[in-house]
Amino acid sequence: MSKPFVPYISPNDSPLEMSLRGIVLGALLGIVFGAASVYLGLRVGLTTSASIPIAVMAITILKKMRGNTVLENNIVQTVGSAGESVAAAVVFTIPALIFLGFPLKTTITLLIALTGGVLGVLLMIPLRRYIIVKEHENLRFPEGTACAEIIKAGEIGGTSAAKIFKGIGLGALWKGMSNIGGFWKPSVEHSFPFYRGSSVSLDVAPELMGVGYIIGWHTSLIMVGGGLLAAFVISPIIAFIGASGTQPIYPGTVPISEMDPTAIWKNYIKYMGAGAVATGGVLGLIRAFPSIWHSLTASIKQLTSERSSSGQTGPVLRTERDTPITVVGIGSLLLILFIWLVPAFRVNLLGAALIFVFGFLFSVVSARITGIVGSSSSPLSGMTIAVLMATCLIFLAVGWTGQEYTYLALVIGATVCIAISNAGTTAQDLKTGHLLGATPSAQQLAILIGVVTSAAVIGITMLLLNESQAKEIPVKAPFSITEQQMARAEEMEGKDGVTYLLVKVQDIQGVEPGNYLVAKETGTPVYKREDGIGGKDLAAPQSNLMAVLISGLLEQKLPWGLIMIGASIALFMELLGFHSLTFAVGFYLPLSTTLPIFLGGVVRRIADRRYKREPDATDESEGTLFSSGLIAGGALLGVAAAFLNFIPGFVDEETGLPMLLAIGYKYLPFLWNTELLAVAVFGLLMWILFKEAKGK
C-alpha cells in the first residue's frame, strides 16, 4: 500500500494565503503574460504555459516585500495562470468571426471570454475530489507538480527569476530597436530570380526564437519543414504553371504571372494551409479519441459512485474546503440563462444547452488529459474541433444552414473552448495547491478573479492588434451585392467614420474573396476590408481552422480544390509517420514566421549537446525561463509598436516605423538598408540564448 499523502503545509496550520498584494500581483502578471499570449497565438497559432515563469517571479517579488508565505506565492501563480489560459482559447476561436464575415466587436469578445472562463472554473469544482484527490497517484500533472516544487524551494527564485527578467529586458530591447528605433529591419526577405516563385524570409523576432527553444528541436524542425515545402516547392510550382497565363485563376484576381511570392501565399497557399491544418486537427482528434473517451467514462463512473457514498460528518479540514456545491449549481444555471437571454450572444435555448453539455463533458476530459501530459500539451484544438463538428452536425440535422448559423456555431465553440481550457488550468492549479496544502476554495476564487481581470485586457489587446494593421482598400471595379447578402450583413464603422454594411463575398469570378464594406443606401461595395488578423503578420492559423470547419459544413462555399490539396499533404505526412498538425501549421504560416522558430530549436539542439542534457527534455529550466522572458518582452513591445498606428500620421506607411522615435532610421539609414545586419543581430541573440541556457 502507498503511504498516505501529506501536504507541504499542514491542514491544521493557517498561514497567510489570500492577500490584496498577492491578488493584485497575480492579476498584473496574468495581464502581462495574457497579452503576450494573444500576440503569440495570433502570429503562430500556439502559446506557452506561463505558470512556471509566474511562480518564479511571484517568489522573487514577494520576497522583496517581505512577510510572504508559500501559500501566498501559490495564490499569485493561481491568479496569473488564468490570463494565459483564457488568452490561448480566445485567440484560437473568436477571430474566426472575421473569416466567417462578421465584425470583431469588443462586447461579444468580452462576454465570451468571461462566461467561458467562469464556466470552466465552476465545472471543475465538483470534479476536484476525484481528479485531484482520488487520482493523486495516477494523474501527476507535470507542470502543476513543477510549480509546487519551485514554490517549495523558494531559494530557486533569485537566479531563475533573474533569467526571466533578463529575457524580458533583452526581448523588449531587440524588438524596440527594430520595430520602433529602426536600427535594423524587423523582417528580411530574399527572392531567387533563377527560381521564380521562391523566397526566403526571416522575422528578427526574439519572441519567435523563444518559442522555438521551448518547443524544442524536433517540433520546430517539423514546423519549418512545412514552411519550406510551401516556399520552395508549392509556390514555385504555382508560379511555373501560371507564368504564361493572362487570366486570373480564382480565388486570385490578377494573373499568376503578375504575382510575387507573397501574393501567391495570400491567394493560394493560405487556402491549402487551411485544408492541411483542418485535416491535421481532425486526425489529431481521432488519435486522441480513446484517451478522451476513457477520461470521460472514468470520471462519470467516479462521480456517480461518490454521489452514492457521500455523507461526510465532522469538521472539514482546511485543505478540503471547496466552494459550496449550491454556489456551483446556481452559478452554472445563471450563467447559461445569461448566455441565452443576452442579445449579443444570439444564442437560442438549444445553443445554451449545448454549451453546458459540451462544456461539462470536455472539462472532464481536459482536466484528466492535463493531469497526464500537462496544460501545454493538452489537445485544446482537437477538443474544440470535436465540439464544432458535433454542433454543426446537430445544426445540419435540424436544417440550420447558411452564414447566419455560422455565428451561433462559433459562439458555442468559442465559449466551450475557453471553458475547457480554463478547466484544465484550474485542475493544474488545484494540483499545485493540493501538494502545497492550499485551501481549494481560496484557489477557486483566485482563478475566478484572474479570469475577470484578464478577460477585458485580452479582448481589447486582440481587437487593437487587429485594428492597428487593418486596411480598407477602395473598390475599383464595382460588382453587385444580392439582397440576401445585404439582409444578413452587419453594420460596421469604416476608418472614414461612415457606417457601412460588412458583406462576405465569395464565388464571384474576378472579385477577390473576403469582406467588403458596402454602402447602406445603394448596396455598392466601397472598400475591401482586410483585417490585421488573417494577414501575414497575424495569420491566426487556429482561428482559420475553426472557420474552415464551420463554413465548410454549414455554408459549403470554399475553394475546395485548394483545400483538398492541403488535406492531401497532411494525409501524406501521416503516411510518413508524422503527426501532421505541426507540419500543417508550418505550411500555413509564412516562412518568415517558422524560420526564426526553427532557429530557436537549433539553439536548443546545440545547447542540449554542449551541456550534455537529454534532447528536448521537459525539465530543462535555465534556457526555458530565459526564453519565456524573450517571449514576454518581445511580444509586449510588438503589441506596443502596433498600438502606435492609432496615432494619426505617427507611423510611416512605407517602413512601418514611428518616425519621431525611429532614431536609427533617421540618422543611420545605412543600417536599415543593410539586411545582413538584421541577420547578424538575430545570430547574436541566438548566441546569448545559448549562453543563458547553461545550467548552474
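Up top you'll find the structure we're talking about.
Structural notes, computed from the coordinates. (Residues numbered from 1 in each chain as written. Predicted model: local features only at pLDDT ≥ 70, side-chain atom pairs only at ≥ 80, totals over all residues. Heavy atoms only, no water.)

Now for the environment of R43. Its place among the elements puts R43 in helix α1 (residues 20-44). A C-alpha to C-alpha distance of 8.4 Å links R43 and L589, two positions 546 residues apart in sequence. For R43, the residues in contact, after removing those within four places along its chain, are K175, D203, A205, E207, L208, D537, L538, A539, L589 and T593. One polar contact links the side chain of R43 to the main-chain carbonyl oxygen of D537, over a distance of 3.5 Å. (Helix = DSSP H or I, 4+ residues; strand = E, 2+ residues; numbered from the N terminus. Contact = heavy atoms within 4.5 Å. Polar contact = N/O pair within 3.5 Å; in protein donor to acceptor, adjacent residues only side chain to side chain.)

What follows is about the sheet that holds strand β7 (residues 525-530). What the five strands build is an open sheet, ordered β3-β7-β6-β5-β4; its pairing is antiparallel. Every other strand in the sheet has two partners, leaving β3 (471-474) and β4 (490-493) as the edge strands with one partner each. The sheet shows a mean angle of 40° between the axes of neighbouring strands, direction not considered. Bridge analysis of β3 against β7 gives four bridges, and the strand direction is antiparallel. Its bridge partner being in β7, P474 is matched across the sheet by Y527. (Pairing = 2+ DSSP bridges. Axes fitted to C-alpha atoms, helices over the stretch in contact; angles between N-to-C directions.)

Should the charged atoms of two oppositely charged side chains come close, the side chains can pair. Scanning the entire structure with this criterion turns up 25 salt bridges. D608 serves as the salt-bridge partner of R613, at 3.4 Å between the closest nitrogen and oxygen. Overall, the relative accessible area of 22% leaves R613 in the partly exposed class. On the accessibility criterion, D608 (3% relative accessible area) is buried. Within this structure, E467, E472, K495, R529 and D531 form a network of salt bridges that share partners. (Salt bridge = Lys/Arg side-chain N within 4 Å of Asp/Glu carboxyl O. Buried < 20%, exposed > 50% of the residue type's maximum accessible area, 1.4 Å probe, protein only.)

We now examine helix α24 (residues 675-692). Helix length check: α24 (18 residues) gives 26 Å between terminal C-alpha atoms against 26 Å at 1.5 Å per residue, within 8%. A678, V681, F682, L685, M686, I688, L689, F690 and E692 are the residues of α24 that are buried. (Expected span 1.5 Å × (residues − 1).)

The next point concerns the packing of helix α15 (residues 440-468) against helix α21 (residues 622-643). For the pair α15 and α21, the least separation of the axes is 9 Å and the interaxial angle reads 55°. Between α15 and α21, the angle falls in the class oblique. Judged by the twist between their axes, the crossing of α15 over α21 is left-handed. Listed contacts from α21 to T461, L464, L465 and S468 of α15 are V639, A642 and F643. (Parallel < 35°, antiparallel > 145°, perpendicular 65-115°, else oblique. Left-handed = near helix turned anticlockwise from the far one by under 90°.)

In this model, R346 sits at a positive phi of 55°, which is unusual for a non-glycine residue. In this fold, R346 is placed in the loop between α11 (325-341) and α12 (349-373). For A540, which is not glycine, the phi torsion reads 50° and is therefore positive. Within the fold, A540 resides in the loop between β7 and α17 (541-554). Looking at A540, the relative accessible area reads 1%, which means it is buried.

Before going further, it helps to spend a moment on the pairing of strand β2 (residues 199-203). Counting buried residues in β2 gives four out of five residues, a clear majority hidden from the surface. With five bridges joining them, strand β1 (residues 187-191) and β2 adopt antiparallel strand pairing. Its bridge partner being in β2, H190 is matched across the sheet by V200.

Taken as a whole and assessed by the stated rule, the structure comprises zero disulfides. Note on C392: no disulfide assigned, nearest cysteine sulfur contributed by C417 at a separation of 14 Å. Take C392: its relative accessible area is 0%, and that puts it in the buried class. Overall, C417 belongs to the buried group, its relative accessible area being 1%. (Disulfide = S-S within 2.5 Å.)

What follows deals with empty space enclosed by the protein. The gaps left among the atoms become clear once a water-sized probe is rolled over them. Tallied over the full model, the rule gives four cavities of 30 Å³ or more. Counted as a void, the largest cavity has a volume near 170 Å³. Lining the largest cavity are 17 residues, with S199, A231, P261, W265 and L591 positioned closest to its centre. Secondary-structure elements contributing two or more residues to the lining of the largest cavity are β2, α9 (206-241), α10 (261-309) and α20 (591-610). (1 Å grid on protein atoms, 1.4 Å probe; cavity = no way out; pocket = protein on both sides within 12 Å on 5 of 7 lines; lining within 4 Å. Points joined across faces, edges and corners; volume = space filled by probe spheres on them.)

What follows is about a nonpolar patch on the surface. Taken together, the side chains of I330, L333, L334, L337, W340, L341 and L349 present a nonpolar region at the surface, about 700 Å² in accessible area. With six residues, α11 is the largest single contributor of residues to the nonpolar patch. With respect to the secondary-structure elements, I330 resides in helix α11. (Patch = residues over 30% accessible without salt bridge, like charges linked within 9 Å, V, L, I, M, F, W, Y side chains within 5 Å. Areas by Shrake-Rupley, 256 points an atom, 1.4 Å probe, with all protein chains shown as cover.)

What follows deals with the environment of K476. Tracing the chain through its elements places K476 in the loop between β3 and α16 (483-488). What makes K476 exposed here is its relative accessible area of 83%. With 50 residues separating them along the chain, K476 and V526 place their C-alpha atoms 8.5 Å apart.

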